[in-house]
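# Structural overview for review
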Amino acid sequence: MNIRDFEYLVALAEHKHFRKAAEACFVSQPTLSGQIRKLEDEIGTSLLERSSRRVLFTEAGLQLVEQAKHVLKEVKTFCEMAAGQSGEMTGPMHIGFIPTVGPYLLPKIIPKLKDSFPELELYLHEAQTHQLVRQLEEGKLDCLVLASVPKPRRLKKLRSTMSQ
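Here the structure is a predicted model, which means the values were calculated and not measured.

A few words on the side chain of Glu-40. With respect to the element layout, Glu-40 can be found in helix H3 (residues 29-43). Sequence-distant contacts of Glu-40, that is, excluding residues within four places in its chain, are made with Thr-45, Ser-46, Leu-47, Leu-48 and Arg-50.

For H3, which comprises 15 residues, the first-to-last C-alpha distance of 21 Å matches the rise-based estimate of 21 Å (1.5 Å per residue) to within 8%. Every buried residue of H3 is accounted for by Leu-32, Ile-36, Leu-39 and Glu-40. Buried positions in H3, seen along its axis, are confined to an arc of 100 degrees and lie on one side of it. Relative to its buried face, H3 has exposed residues pointing more than 90 degrees away, namely Pro-30 and Asp-41. Where H3 is buried, its residues meet helix H1 (3-15), helix H2 (18-25) and strand E1 (48-49). At the C-terminal side of H3, Gly-44 shows a positive phi close to 70 degrees.

Before going further, it helps to examine the environment of Ser-28. Its place among the elements puts Ser-28 in the loop between H2 and H3. Residue class for Ser-28 comes out partly exposed when judged on its relative accessible area of 36%. In this structure, the C-alpha to C-alpha distance between Ser-28 and Phe-18, residues 10 residues apart in sequence, is 9.4 Å. Only 2.8 Å separates the side chain of Ser-28 from the side chain of Thr-31, close enough to count as a polar contact.

Each value, and the rule that gives it
- Residues numbered from 1 in each chain as written.
- Predicted model: local features only at pLDDT ≥ 70, side-chain atom pairs only at ≥ 80, totals over all residues.
- Heavy atoms only, no water.
- Helix = DSSP H or I, 4+ residues; strand = E, 2+ residues; numbered from the N terminus.
- Contact = heavy atoms within 4.5 Å.
- Expected span 1.5 Å × (residues − 1).
- Buried < 20%, exposed > 50% of the residue type's maximum accessible area, 1.4 Å probe, protein only.
- Arc of directions from axis to C-beta.
- Polar contact = N/O pair within 3.5 Å; in protein donor to acceptor, adjacent residues only side chain to side chain.

Encoded structure:
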């Protein structure tokens, strides 16, 4: 088993459709399906109830999807920590923004970021505020460009401990 298998499993849980999950992972549907079956064989547990109409996870499958999310989040943290050891901002940075401010602020921000940190790979994600906040909490985004909104309680706690 490898990290990519966890990415496939989480994508399948999020999209609830083999083709859509495969597209999100940039692989073919047979590749994704085969890797999920290989993962099931390797761990000796059925993750899905096979149906021609929809994707249904078993109870064990749902539990392992949650654990795979935690593993992927920890892998991301590990990679970020390793990249931070060089003192330079490198690698991928996922920026979420709302449509009402993104077109005005991003043209001013992005060129300065690219000039200051040429090795930084920027990925821009446009969505509504509540969707962006959820993605930030899930670790899918690194930062947000928003209008002023109340901070989620978890982020408030983090900020108050950092300022002490």
